[in-house]
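Each chain, written out:
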Amino acid sequence: MAGAVAAAGSAEQFQQLLQRPDSWKLRLCLKCLKNMELVLFQRSCSLRVEQLEIPLMARGSVGALCVFVSLQDCQKVDRLDGAHAPELTQKVQRHAGAAPSPAASAQQQLQTRLSKLVNAAPCMLFMKGSPKEPRCGFSKQMVEILNRHNVAFSSFDIFSDEEVRQGLKTFSNWPTYPQLYVSGELIGGLDIIKELEASGELDTICPKAQKLEDRLKSLINKAPVMLFMKGNKQMAKCGFSKQILEIMNNSGVDYETFDILEDEEVRQGLKSFSNWPTYPQLYVKGELVGGLDIVKELKESGELLPVLKGEN
């Protein structure tokens, strides 16, 4: 399906569009292109060229006034001498539908994947092993530095994917690991991070991890009614959580849930924060209501609905 049409209103814009690496291109050698419209089909969009004046180039082997050359990945794949519109249309349509070579396609897919990985989090560490279990001394030192400065980061174990391990070296032009990225940009390896730490710049470059207490306050206030449970609205993962879900659903009050099984830090931290050792835990407007037994009592006394609505 044809996509959007990119308009070239000047010779400069036309040249810029020709430089796009992901499209089929036609290079024109002509004295003048006036009051004509030429549509160059690409994989993702069409290019509209109109009323352009382009100086005549050095001809060399060019024997016709107008020469169209089809390029893919900067390599000439076809040529048409003379402005024969039907034949030009056939050539362009044929090449526009041609698939890239398997090698080029695989390389492009890898580049896309690597780009997504380095942008997977504001701060990404590519290392050997995981932060909890580093599998080399350099990776261990890197994790210690980041933790010491309370840096919020995600990690990728390069031992888990050989394609990423080798591809990222070329992608970043950095031959060793670990590698640290901030906002998708390479900061460097261990030596660079040590230098940044020594100069005090590390704290200004890397995003800080939110303190647990601040994070818990944010979570319990995420919605007017918050239920911390094992599982979620769709599937409770313990009998107590299932029972409280049934009560909440019958109340008709909107509420949000948080699955404590998905986050061990929250699971353990909320116990101390709320001084309540078990789950589920129900909060209304950031205040702890209680667990299953308390909710049952409120339901039996007729107080649950006013409490959920923040009236009591």
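Residues numbered from 1 in each chain as written. Predicted model: local features only at pLDDT ≥ 70, side-chain atom pairs only at ≥ 80, totals over all residues. Heavy atoms only, no water.

Draft legend 1. Region of interest: the sheet that holds strand S13 (residues 281-284). Ordered in space as S12-S11-S13-S14, the four strands form an open sheet in which the pairing is mixed. Looking at which strands have only one partner, the edges of the open sheet turn out to be strand S12 (256-259) and strand S14 (287-290). On average, each strand axis in the sheet is tilted by 30° relative to the strand beside it, whichever way the strands run. On top of the sheet, helix H9 (residues 239-251) reaches strand S11 (225-229) and S13; it is set at about 160° to S11, its chief contact. Its contacts with the sheet place helix H10 (residues 264-274) against S11, S12, S13 and S14, and it is angled at close to 65° to S13. (Pairing = 2+ DSSP bridges. Helix = DSSP H or I, 4+ residues; strand = E, 2+ residues; numbered from the N terminus. Axes fitted to C-alpha atoms, helices over the stretch in contact; angles between N-to-C directions. Contact = heavy atoms within 4.5 Å.)

Draft legend 2. Main features of the sheet that holds strand S7 (residues 123-127). What the four strands build is an open sheet, ordered S8-S7-S9-S10; its pairing is mixed. Edge positions in the open sheet fall to strand S8 (154-157) and strand S10 (185-188), since each of these has one partner strand only. Strand-to-strand, the axes of this sheet are offset by a mean angle of 30°, without reference to chain direction. Strands S7, strand S9 (179-182) and S10 of the sheet are contacted by helix H4 (residues 137-148), whose axis makes an angle of about 160° with S7.

Draft legend 3. Region of the structure containing the nonpolar core. Counting 18 residues, the largest nonpolar core has Val 225, Leu 227, Met 248, Leu 282 and Leu 308 as the members making the most contacts within it. Secondary structure elements with two or more residues in this core: S11, H9, S13, helix H11 (292-301) and helix H12 (304-308). Ranked by the residues each element gives to this core, the list is headed by H9, at four residues. Once residues within four sequence positions are removed from consideration, Met 248 is found in contact with Val 225, Val 253, Tyr 255, Leu 282 and Leu 308. The next biggest cluster of nonpolar side chains, apart from the first, holds 16 residues, and it includes Cys 123, Val 151, Leu 180 and Leu 202. (Core = buried A, V, L, I, M, F, W, Y, C linked by side-chain atoms within 4.5 Å. Buried < 20%, exposed > 50% of the residue type's maximum accessible area, 1.4 Å probe, protein only.)

Draft legend 4. Examining the packing of aromatic side chains more closely. One pass over the structure, following the stated rule, counts four aromatic pairs. Summarising the aromatic geometry, the rings of Phe 228 and Phe 258 are spaced 5.6 Å apart at their centres and angled 40° between planes, so their arrangement reads as tilted. Remark: Phe 258 occurs in strand S12 and Phe 228 occurs in strand S11; sequence separation between them is 30 residues. For the pair shown, Phe 228 and Phe 258 are each scored as buried. (Phe/Tyr/Trp six-rings, centres within 6.5 Å; stacked < 30°, edge-to-face > 60°.)

Draft legend 5. Geometry of the pattern of salt bridges. This structure, assessed with the given rule, holds nine salt bridges. Of the charged contacts, one joins Glu 163 and Arg 113 as a salt bridge, the two residues approaching to 3.4 Å between their closest N and O atoms. Placement of Glu 163 in helix H5 (residues 162-172) and of Arg 113 in helix H3 (residues 102-118) is noted, with a sequence separation of 50 residues between them. Glu 163 gets classed as partly exposed once you look at its relative accessible area, which sits at 45%. You can call Arg 113 partly exposed: its relative accessible area is 32%. Two residues, Arg 215 and Asp 263, come together in a salt bridge whose shortest N-O distance is 2.5 Å. Residue Arg 215 is found in helix H8 (residues 212-220), and its partner Asp 263 is found in the loop between S12 and H10; the two are separated by 48 residues along the sequence. A residue is classified by how much of its surface remains accessible, and Arg 215, at 23% relative accessible area, is partly exposed. Taken together, the shared-partner salt bridges in this structure form one network comprising Arg 113, Asp 161 and Glu 163. (Salt bridge = Lys/Arg side-chain N within 4 Å of Asp/Glu carboxyl O.)

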